[in-house]
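# Per-entry structural report
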Amino acid sequence: MRKNSIFVRIVSISLFLSIFLYLTSYVYPGDAQKREKVVIIGFDGADYELAKKYLEKNKLPNLKKLMETGTFTSTMPTNPPQTPVSWASFCTGLDPGENGVFDFLKRVPGTYLPDYVLMEESEIPFLFGKKNIIIIPSIIFIISFIIFLIIFRLFKIKISNSLILSIIFSLLFTSSFAYFVSIFLPQKRPIAINHMKGKTFFKLASENGIRVKVFHVPDTFPPPELGDGKLLSGLGVPDMRGTIGYPSLYTTDEELLKKANEFSVRIVKLDKGKTSWSTDVMGPRNKLFYDYSNPEKMAKKGIKKDITVPLSLEYLPEKKRIKIGTAGRYEEIGLHQWSDWFEIEFKFNRFISIWGLGRFYLEQIEPEFKIYLSPIHLHPKRITIPISYPKNFSSYLADKIGLYKTMGWASDTWSITSDLCDENHFVTDMNFTIDKEEEKMIKMLEEKDWDLFIYVYMFTDRVQHVMWRLIDEKHPVYKKDVAEKWGNQIEMAYQRMDQIAGKVMERIDKNTLLMVISDHGFASFRRGINYNTWLRENGFFVERPYDRDRLRTLEDLWGEERRIFPYVDWSKTKAYALGLGGIYINLKGREPQGIVQTGEEYERVCDEIKRGLESYVDPVTGEHPVYKVYRRDKIYRNFDSSIVPDLRITNNKGYRVSWQTSLGGAPSEIVEDNTKTWSADHCSMEPTQIPGIFFSNKKMNSNNIHIIDFYRTICKIYGIDLPSEIRGKNFYQYKRN
């Protein structure tokens, strides 16, 4: 009896402890949840209000299921609500001032020139740098001398003669090698530096034994090391020329050369009246060997500043097709068709080259001929510049799914915005991109070698940027006939988002936590406000006479001459706008020609600009373009005062900072209609007006999620100790069903 009694007690206690541990792990997810799997699927720019509208119309069945059985709420973006800014706070748990990603552009300290906030191109010595010509031949001389000496001694040649012969032969051999070094080896090579501060939560998770797989998260180039984890870089990966996208259009239409081309799409003129043309594919800048400070010397040496590959185009009238030839391969395509990938080797010399990928699209045959070439993507298998961790992971993915786009900004929004391509071009390319991304996601998800899986899609952002004009009848470029044909593309993109979510749901078990999120929402961009013009009209920005309406382009920012602000009289200028909603005070001691004193004058100038912009009324619409002007110390806990703008302007819906402001221009009018296909935006909008989405397969208590909260939440799920500086809250508190 006593033994039975003890046995019953042991069983009872064990049962009680099992129930207790189960309940506590369900309500308080901490150490007991370490083995839980988490999947985060991001859709850049997916808008809360649009998602809610499509849910109400039963257009999103999979997301509706998540809403009904789990959670649907909004996600608040950062200020400003820009893609790299919000995702940086997602990754680091820090505000934009703390992690250093506060805009697309920043002012280079000590100058008035812009630079990318996130990434900087730098250079490091190649081997020994300028000393290559001395050190490498010296090493070769010593090695060859020893080898020759051994050989001569083996042939019983006297030591004195062996020494002399070894010196002579070594000098001859070394002189040839010195010539090789001087001609074929560069002294330096370019590198990219990611300036985002803070340790990402997926790196911290990896350090704590969590198996992570991360795909296309912005701000992850160059790829960080993740121990046993895997990562494919996202927004930030450049094209072959080091830009976010440089497509080419080959055409007989001379009028296209005169069109507004703020995005600096390369337009190559083809001779009329011909059916075949010889031209080239533009590859990387020759930063290994070309001295940009001495073009005359380079011309004499025959060193080109751009690496190109020959391209032949032949029109076949009987087939209504174009025959494309480059990189040793030929392919024929018809009207409105895309080619397969062309794998192209760009040779700096016979020993150094870099490989890229490009696709052609036949835009038009008559009355003018137009054929498009995509930006040249870095080749994922022939790796020169790593875009993944480990380095060969990008090649592994290509083995699994075939060649794929590697650029961070994968869909070309520049050509359609510049009226150089049509909607079919954009949509077919976008769908091609999505198909390959989805295939990649599914294969990587099914490998099951992960605890934390993160995948970010960008198409929801891109389609809204260029197609919103077709759902907003008040937009200046709304066209009813175009809307009738293409006006469903945004809805279709949200439905594709829903389908992707559904495929993820099919491949995870009920214990896996799924979150479907976005970094910000969207709003129509009907009117652009020229902040430098407003500053000029109100006495803060002074210019010498020049053609104010000259169109500024990306070449003004990134070209060889860097012509931004060429006519500003800095001796009289108190403030200037730079980037997508930032205003810098021309501060004495900080700016190279600053005139505003720190202290009382600085405060007065900031207050005057703030009051003036917030009270400004658009004379055409009677609306306030500016929602609020924020002081940087009111929205960021810590920041680098030498680069973070003194003021951050946010716009009401319908308005955005103008393109010309971000390019350094100050046109005649303060506010102008946005007549571009790029018809919706978020970059300078008021964050509270454009929240993103949050879906989960589990019910959450929180209905007030901020993009910065994910860091603390993920660490809580896995029981990881947080760095002390991390902001945000843990929203992983389940409601009982």
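Details of the structure are given in the entry above.
Below: a short report on this structure. (Residues numbered from 1 in each chain as written. Predicted model: local features only at pLDDT ≥ 70, side-chain atom pairs only at ≥ 80, totals over all residues. Heavy atoms only, no water.)

## Focus on the overall build of the protein chain
Stated formally: Think of it this way: any DSSP run of H or I at least four residues long counts as a helix, any run of E at least two long counts as a strand, and we number them from the N terminus. All radius of gyration figures rest on C-alpha atoms, and the globule criterion is 2.2 Å times the number of residues raised to 0.38. For the exposure calls, accessible area comes from a 1.4 Å probe over protein chains only, and a residue counts as buried if that area is under 20% of its type's maximum, exposed if over 50%, partly exposed in between. Under the convention used here, a 1.4 Å probe and the Shrake-Rupley method define accessible areas, while residue burial counts only the protein chains that appear. Only four residue types enter the charge count: Lys and Arg as positive, Asp and Glu as negative, with His and the chain ends excluded. By convention, the charge on Lys lies at NZ, on Arg at CZ, on Asp at CG and on Glu at CD.
Within the protein chain, the secondary structure is distributed over 21 helices and 32 strands. In terms of overall dimensions, the protein chain is globule-like: its C-alpha atoms have a radius of gyration of 29 Å, near the 27 Å expected for 737 residues. The dimensions of the protein chain, computed from C-alpha atoms along their principal axes, are 100 × 85 × 70 Å. Burial statistics for the protein chain: of 737 residues in total, 56% are counted as buried. For the protein chain, the accessible surface area stands at approximately 32,200 Å², while carbon and sulfur atoms represent 53% of it. Separation between the mean location of the 102 positive side-chain charges and that of the 91 negative ones in the protein chain comes to 6 Å.

## Things to note about a nonpolar patch on the surface
Rules: A patch is a set of surface residues, each over 30% in relative accessible area and not in a salt bridge, joined within 9 Å for like charges and within 5 Å for the nonpolar side chains Val, Leu, Ile, Met, Phe, Trp and Tyr. A side-chain nitrogen of Lys or Arg and a carboxyl oxygen of Asp or Glu constitute a salt bridge if their distance falls within 4 Å.
On the surface, Leu 127, Phe 128, Ile 139, Ile 142, Ile 143, Ile 146, Ile 147, Ile 150, Ile 151, Leu 154 and Phe 155 cluster together to form a nonpolar patch covering roughly 1,100 Å² of accessible area. Structurally, the position occupied by Ile 147 is in helix H6 (residues 132-154). Taking the relative accessible area as the measure of exposure, Ile 147 reaches 46% and is therefore partly exposed.

## A look at the pattern of salt bridges
A complete count under the given rule lists 50 salt bridges for this structure. Here Glu 121 ties to Lys 287 by a salt bridge, and the two come within 2.3 Å at their closest N and O atoms. Of this pair, Glu 121 sits in strand E5 (residues 119-125) while Lys 287 sits in the loop between strand E11 (276-285) and helix H9 (295-301), and the two are 166 residues apart along the sequence. Among the ionic pairs, Lys 729 bridges to Asp 709, the shortest N-O distance being 2.7 Å. Residue Lys 729 is found in the segment after helix H21 (709-717), and its partner Asp 709 is found in helix H21; the two are separated by 20 residues along the sequence.

## Observations concerning the nonpolar core
Rules: Take the buried residues of types Ala, Val, Leu, Ile, Met, Phe, Trp, Tyr and Cys, join any two whose side-chain atoms come within 4.5 Å, and each joined set is a nonpolar core. By the convention used here, residues are in contact when the closest approach between their heavy atoms is within 4.5 Å.
Core analysis: the biggest nonpolar cluster contains 92 residues, and Ile 41, Ile 322, Ile 371 and Phe 453 have the highest contact counts within it. With residues near it in sequence (within four places) discarded, Phe 453 still touches Val 38, Val 39, Ile 40, Ile 41, Lys 213, Phe 215, Met 441, Met 444 and Leu 445.

## Structural notes on the side chain of Thr 533
Inspection of the secondary structure assignment puts Thr 533 in helix H16 (residues 531-537). Sequence-distant contacts of Thr 533, defined by excluding residues within four places in its chain, comprise Ala 666, Pro 667, Ser 668, Glu 669 and Ile 670.

## Section: the sheet that holds strand E24 (residues 575-578)
Selection criterion: Pairing between two strands requires that DSSP report at least two bridges joining them. All axes here are fitted lines through C-alpha atoms, helices being fitted over the stretch that makes contact, and every angle between N-to-C directions spans 0 to 180 degrees.
Overall, antiparallel pairing links the 4 strands, which are arranged E24-E25-E27-E26 in an open sheet. For this open sheet the edge positions go to E24 and strand E26 (626-631), each flanked by a neighbour on one side alone. Between one strand axis and the next, the sheet turns by 25° as a mean value, whatever way the strands run.

## Some remarks on the pairing of strand E1 (residues 38-43)
Burial analysis of E1 places 6 of its 6 residues in the buried class, the great majority of the element. Here E1 shows two buried faces, one formed by Val 38, Ile 40 and Gly 42 and the other by Val 39, Ile 41 and Phe 43. Bridge analysis of E1 against strand E21 (residues 452-457) gives 6 bridges, and the strand direction is parallel. If you follow Val 39 over to E21, its bridge partner there is Phe 453.

## What to know about unusual backbone geometry
Between Asn 79 and the following residue, Pro 80, the backbone shows a cis peptide bond with an omega angle of 5°. By the secondary structure assignment, Pro 80 is in the loop between strand E2 (71-76) and helix H4 (83-92). Note the cis peptide between Glu 366 and Pro 367, where omega equals 0°. Among the secondary structure elements, Pro 367 is positioned in the loop between strand E17 (360-364) and strand E18 (370-373). At Lys 156, a position not held by glycine, the phi torsion is positive, near 65°. Take Lys 156: it is sitting in the loop between H6 and helix H7 (159-184). Its relative accessible area of 76% is what places Lys 156 among the exposed residues. With a phi close to 65°, Lys 448 is a non-glycine residue in the positive phi region. Assignment of secondary structure puts Lys 448 in the loop between helix H12 (423-446) and E21. Lys 448 sits in the partly exposed class, given a relative accessible area of 46%.

## Here's the deal with the packing of aromatic side chains
Using the following cut-off: Side-chain rings of Phe, Tyr and Trp, where Trp is taken by its six-membered ring, are said to pair if the distance between their centres is within 6.5 Å; with planes under 30 degrees apart they count as stacked, over 60 as edge-to-face, and otherwise as tilted.
A complete count under the given rule lists 43 aromatic pairs for this structure. Residues Phe 43 and Tyr 457 carry aromatic rings whose centres are separated by 5.3 Å and whose planes lie at 10° to one another, so their mutual orientation is stacked. In this pair, Phe 43 is assigned in strand E1 and Tyr 457 in strand E21, connecting sequence segments 414 residues apart. Just as Phe 43 is buried, Tyr 457 falls in that class too. Ring geometry for Phe 43 against Phe 459: centres 6.1 Å apart, planes inclined by 85°, an arrangement best described as edge-to-face. Of this pair, Phe 43 sits in strand E1 while Phe 459 sits in helix H13 (residues 459-467); the two residues are 416 residues apart in sequence, bridging distant segments of the chain.

## Description of helix H2 (residues 48-56)
For the record, the criterion: The directions from the helix axis to the C-beta atoms form the arc being described. Contacts described as polar in this section are N or O atom pairs within 3.5 Å, which, within protein, must combine one atom able to donate a hydrogen with one able to accept it, while residues neighboring in sequence count only if both atoms come from side chains.
Within the span of H2, buried status applies to Tyr 48, Leu 50, Ala 51, Tyr 54 and Leu 55. Along the long axis of H2, the arc covered by the buried residues comes to 165°, so they all point the same way. Those residues of H2 hidden inside the fold are in contact with helix H3 (61-69), E2, H13, helix H15 (489-506) and strand E31 (692-696). Two or three places before Glu 49, at the start of H2, stands the capping residue Asp 47, its side-chain oxygen 3.1 Å from that residue's backbone nitrogen. Within two residues after H2, Asn 58 carries a phi angle of roughly 60°, on the positive side.

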